[in-house]
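The primary structure of each chain is shown beneath.
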Amino acid sequence: MTTVTNARPNSLWIVGEDCPPRFGCYGDQLARTPHLDSLAGRGTLFEYAYSSAPVCAPSRFSLITGIPSESHAPANEMRAVAPLPAWMPTYPEILRGVGHYCTNSSKTDYNAAVDEHTVWNECSPSAHWRDRPEGMPSSRCSTPSRGPESRRRCPPCASRPP
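This is a predicted model, so every value here is computed, not measured. (Residues numbered from 1 in each chain as written. Predicted model: local features only at pLDDT ≥ 70, side-chain atom pairs only at ≥ 80, totals over all residues. Heavy atoms only, no water.)

**Q** Mind laying out the overall build of the protein chain, listing which residues take part and the relevant values?
**A** The number of helices and strands found in the protein chain is five helices and four strands. The order of helices and strands in the protein chain, counted from the N terminus, is β-α-α-α-β-α-β-β-α. Residue burial in the protein chain is summarised as follows: out of 162 residues, 35% are buried. Residue pairs in contact within the protein chain that sit at least 24 positions apart in sequence constitute 58% of those at least 6 positions apart. (Helix = DSSP H or I, 4+ residues; strand = E, 2+ residues; numbered from the N terminus. Buried < 20%, exposed > 50% of the residue type's maximum accessible area, 1.4 Å probe, protein only. Contact = heavy atoms within 4.5 Å.)

**Q** Which residues make up the environment of D131, and what are the values?
**A** Here D131 shows up in the loop between strand 3 (122–123) and strand 4 (138–142). Judged by its relative accessible area of 46%, D131 falls in the partly exposed class. Between the alpha carbons of D131 and T103 there is a distance of 9.5 Å; along the sequence they are 28 residues apart. In contact with D131, not counting residues within four places along its chain, are Y101, E122 and S126.

**Q** Let's hear about the sheet that holds strand 1 (residues 11–14): which residues, and what values?
**A** The four strands lie next to each other as 1-4-2-3, forming an open sheet whose pairing is parallel. Of all strands in the sheet, those bounded by a partner on one side alone are strand 1 and strand 3. Looking at chain direction, strand 2 (residues 101–104) and strand 3 are connected through two bridges and run parallel. Following the sheet pairing, T103 is matched in strand 3 by E122. (Pairing = 2+ DSSP bridges.)

**Q** Describe the nonpolar core, and please don't skip the residues or the numbers.
**A** Counting residues in each nonpolar core, the largest one holds 15 residues, and the members touching the most others are I64 and W120. Ignoring any residue separated from it by four or fewer positions in sequence, one finds I64 in contact with P89, T90, Y91, P92, Y110, V119 and W120. (Core = buried A, V, L, I, M, F, W, Y, C linked by side-chain atoms within 4.5 Å.)

**Q** I'd like to hear about unusual backbone geometry, residue by residue, with values.
**A** Along the chain, A73 connects to P74 via a cis peptide bond; the corresponding omega equals 10 degrees. The topology assignment puts P74 in the loop between helix 2 (56–65) and helix 3 (91–97). Phi is positive for N111, which is not a glycine, with a value near 60 degrees. Along the chain, N111 turns up in the loop between strand 2 and helix 4 (116–119). Here N111 falls in the buried class, since its relative accessible area comes to 1%.

**Q** A description of the confidence of the model for the protein chain should follow, citing residues and the corresponding values.
**A** Confidence in the prediction of the protein chain, expressed as mean pLDDT, is 83, and 85% of residues score 70 or more. Mean pLDDT per element in the protein chain: helix 5 (residues 148–153) is the minimum at 49, and strand 2 is the maximum at 95. Per-residue pLDDT stays below 50 along residues 152–162; that stretch engages in 13 contacts with residues further than four places along the chain or on separate chains. (pLDDT = per-residue confidence, 0-100.)

**Q** How would you sum up helix 2? Please name residues and give values.
**A** Where burial is concerned, most of helix 2 is hidden: nine out of the ten residues are buried. Buried within helix 2 we find C56, A57, P58, S59, R60, F61, S62, I64 and T65. Count one or two residues on from helix 2 and you reach G66, which has phi positive near 80 degrees.

**Q** Which residues make up the pattern of salt bridges, and what values do they have?
**A** This structure, assessed with the given rule, holds one salt bridge. Across the salt bridge formed by R79 and D109, the nearest N and O atoms sit 2.1 Å from each other. Of this pair, R79 sits in the loop between helix 2 and helix 3 while D109 sits in the loop between strand 2 and helix 4, and the two are 30 residues apart along the sequence. Look at R79 and you get partly exposed, because its relative accessible area is 32%. (Salt bridge = Lys/Arg side-chain N within 4 Å of Asp/Glu carboxyl O.)

**Q** If you had to explain the environment of L95 to someone new, which residues and values would you point to?
**A** Along the chain, L95 turns up in helix 3. By relative accessible area, which is 22% here, L95 ends up partly exposed. For the pair L95 and S138, spaced 43 residues apart in sequence, the C-alpha to C-alpha distance is 9.2 Å. Apart from residues no more than four positions distant in its own chain, L95 is found in contact with H100, C102 and S139.

Following this line, the structure appears as structure tokens:
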């Protein structure tokens, strides 16, 4: 029997850069990824995912705005700062507007004029969903590592550790 509730779900968005889907949950017989496999078994596993750009920062722009970076120049360029018009909210702003506590533990290079401290409730290596008020749903974005493109091109972001 399925129980339907009106509770708002928590969400965890794990962003993997420069990694193909070589995980057990995607059928790779050699992969040993028990924690990710368990999480995928309890949540939503996206079997078809596409990147909106071939490098990290323009893709990150598309992820946070929902807008293809090539339609909002200079966001399609590496190391750009595109202005964000008032009509273009970011997804954390939308989620915060409906009562979610939004955290980001790492990357903030969105190729846009985004102030991560106004977009996210918490944005730092120590940001944690457990810091949210009791009963408030949480939405977390986590990018566990720096991919090769970031290591080559990105200076240390705002003195945060990689």
